[in-house]
Amino acid sequence: MARTPAHQEKAPLLMGDLRELRLPIVTDLCLATIALTWIWWLVIFPEQEYPAQLPLLAPPMLPSTIALGVLLAKRAPLWARSLLLLVGFEATFTLGYFWSLNPVWLYYQVLTIVVAGLLVGRKATFIAASLAALVSVQCIRMAVGQADLSLIAPLAGLLLGTAATSWLSSGSLY
């Protein structure tokens, strides 16, 4: 009878260990997201005229609503909860850009890249960076009418640099 290599026998155990390590990260990220969006509300809301403008108030609503949903969906698989959280972050930054046309929103996508590395794995950092770059190019193209290289090049460099840094720094963890 052929023996399986030791690393293959340990793989299911390792994946279980990683899942156990990632569970509190998801919870902590959700709680931090809710807390930070409430602080955001406290800063933005008093400055609003009555009635409040939805484009300025919606970005903090989206991540806190999704984070609350992820917290309440404890029976859902961890990968689904992680994906929902990542999509929520990306949607928040994309909508923030479209509603304000401020490119700063697109730079916040680095948070999605780092969180993808934490929740999904090292390869996810480059997948998240690639998707964030594609979303950014499309956002700028739709808002400006063309792909403005002066906006895209620094952003693409930051996104790829963040992915590389996250990948390198998480190497010893995995």
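This is a predicted model, so every value here is computed, not measured.

S.K.: What should I look at first to understand the side chain of Ser-166 in this one?
M.R.: Structurally, Ser-166 can be placed in helix H7 (residues 149–169). Those residues in contact with Ser-166 that sit more than four places away from it in its chain are Ile-113, Val-114, Gly-117 and Thr-125.

S.K.: Help me understand the environment of Leu-71 in this model?
M.R.: Tracing the backbone shows Leu-71 in helix H2 (residues 54–72). With relative accessibility at 14%, the residue Leu-71 sits in the buried group. Sequence separation between Leu-71 and Asp-28 is 43 residues, and the spatial gap between their C-alpha atoms is 9.6 Å. With sequence-adjacent residues up to four places away left out, Leu-71 is seen in contact with Thr-27, Cys-30, Leu-31, Ile-34 and Arg-81.

S.K.: Can you help me understand the packing of helix H5 (residues 109–119) against H7 in this one?
M.R.: The packing of two helices is summarised by the inter-axis angle and the distance between the axes. The interhelical angle for the contact between H5 and H7, taken along N-to-C directions, is 20°, at an axis separation of 9 Å. Between H5 and H7, the angle is such that the two are roughly parallel. Crossing of H5 over H7 shows right-handed handedness. Across from Gln-109, Val-110, Ile-113, Val-114 and Gly-117 in H5, the residues of H7 making contact are Leu-155, Leu-158, Leu-159, Thr-162, Ala-163 and Ser-166. Looking at the contact of H5 with H7, its residues break down into seven nonpolar, four polar and no charged.

Definitions and cut-offs
- Residues numbered from 1 in each chain as written.
- Predicted model: local features only at pLDDT ≥ 70, side-chain atom pairs only at ≥ 80, totals over all residues.
- Heavy atoms only, no water.
- Helix = DSSP H or I, 4+ residues; strand = E, 2+ residues; numbered from the N terminus.
- Contact = heavy atoms within 4.5 Å.
- Buried < 20%, exposed > 50% of the residue type's maximum accessible area, 1.4 Å probe, protein only.
- Axes fitted to C-alpha atoms, helices over the stretch in contact; angles between N-to-C directions.
- Parallel < 35°, antiparallel > 145°, perpendicular 65-115°, else oblique.
- Left-handed = near helix turned anticlockwise from the far one by under 90°.
- Nonpolar A, V, L, I, M, F, W, Y, C, P; charged D, E, K, R; others polar.

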